[in-house]
Amino acid sequence: MPMKTIITFGTYDLLHIGHVRLLQRAAKLGDKLIVGVSCSDLNLSKKGRAPVYTTQDRMDIISALACVDEVFVEKSLELKGDYIKQFGADVLVMGDDWEGRFDQFKDICEVVYLPRTQGISTTELIEEIADINPTPESHT
Ligand code: C2G
């Protein structure tokens, strides 16, 4: 059987169990998992907040995972089709918070949306940590 290449994209800031589960489930759909890590500028323009970790650190963390075979920088959301073709991906996997958003790529690859892990997100983690460690000003 020919090798099946999976591609997925994300910011993966403050890596958490939701990210890991998504990547593990994506990897199981094929033989090779390639991950596009959104650069910090892209995240800033998309979410209005720069990631806590640098692009390079997020790439190093993702490439250290056993289920990941290759990482690259996702420089623009508009380049997704180009990345899919460049890496010869057979399947594009995204969490279902993106449901329907990448259906236009169904003519070049299979598109699969996997259920997100409930109850955890980078934004909630940041809020929780901020609550545990109030800024010095909040004591005055
Ligand atoms: N995820 C998940 N469960 C969570 C949180 C995230 O399954 N509780 C999944 C998301 O659905 C996504 C991946 O983990 O598929 C990465 O999540 P983010 O870092 O939040 O990615 P995002 O900023 O949405 O970037 O080109 C698309 C973007 O780069 C996606």
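Residues numbered from 1 in each chain as written. Predicted model: local features only at pLDDT ≥ 70, side-chain atom pairs only at ≥ 80, totals over all residues. Heavy atoms only, no water.

(A) Region of interest: the site of the ligand. By nearness alone, 21 residues border the ligand, and S38, K47, K80, D97 and I120 come closest of all. Between an oxygen atom of the ligand and a side-chain N or O atom of T11, the distance comes to 2.8 Å. Taking 630 Å² as the accessible area of the ligand by itself, protein coverage stands at 96%. Put simply, the ligand lies in the largest pocket. At the level of secondary structure, the elements contributing two or more residues to the shell around the ligand comprise β1 (5-10), α1 (17-28), α2 (40-47) and β4 (91-95). The element best represented in the shell around the ligand is α1, accounting for 3 residues. (Near = heavy atom within 4 Å. Polar contact = N/O pair within 3.5 Å; in protein donor to acceptor, adjacent residues only side chain to side chain. Areas by Shrake-Rupley, 256 points an atom, 1.4 Å probe, with all protein chains shown as cover. 1 Å grid on protein atoms, 1.4 Å probe; cavity = no way out; pocket = protein on both sides within 12 Å on 5 of 7 lines; lining within 4 Å. Sits in = over half its atoms within 2 Å of the grid points. Helix = DSSP H or I, 4+ residues; strand = E, 2+ residues; numbered from the N terminus.)

(B) Focus on the side chain of T55. As for its position among the elements, T55 is in helix α3 (residues 55-63). Apart from the residues within four sequence positions on either side, T55 is in contact with C39, S40 and V73. (Contact = heavy atoms within 4.5 Å.)

(C) Here's a closer look at unusual backbone geometry. In this structure, Y12 takes a positive phi of about 55° despite not being glycine. If you trace the backbone, Y12 turns up in the loop between β1 and α1.

(D) Just the packing of aromatic side chains, in detail. Tallied over the entire structure, the rule returns 6 aromatic pairs. Ring centres of F9 and F72 lie 5.9 Å apart, and the angle between their planes is 90°; on these two criteria the pair is classed as edge-to-face. With F9 in strand β1 and F72 in strand β3 (residues 70-74), this pair connects stretches of sequence that are 63 residues apart. Here F72 falls in the buried class, since its relative accessible area comes to 8%. Through a chain of ring-to-ring contacts, three or more aromatic side chains come together here, namely F9, F72, Y83 and F87. Over the aromatic face of F9 sits the side chain of K80, whose NZ or CZ is 4.5 Å from the ring centroid. (Phe/Tyr/Trp six-rings, centres within 6.5 Å; stacked < 30°, edge-to-face > 60°. Buried < 20%, exposed > 50% of the residue type's maximum accessible area, 1.4 Å probe, protein only. Lys NZ or Arg CZ within 6 Å of the ring centre and 35° of its normal.)

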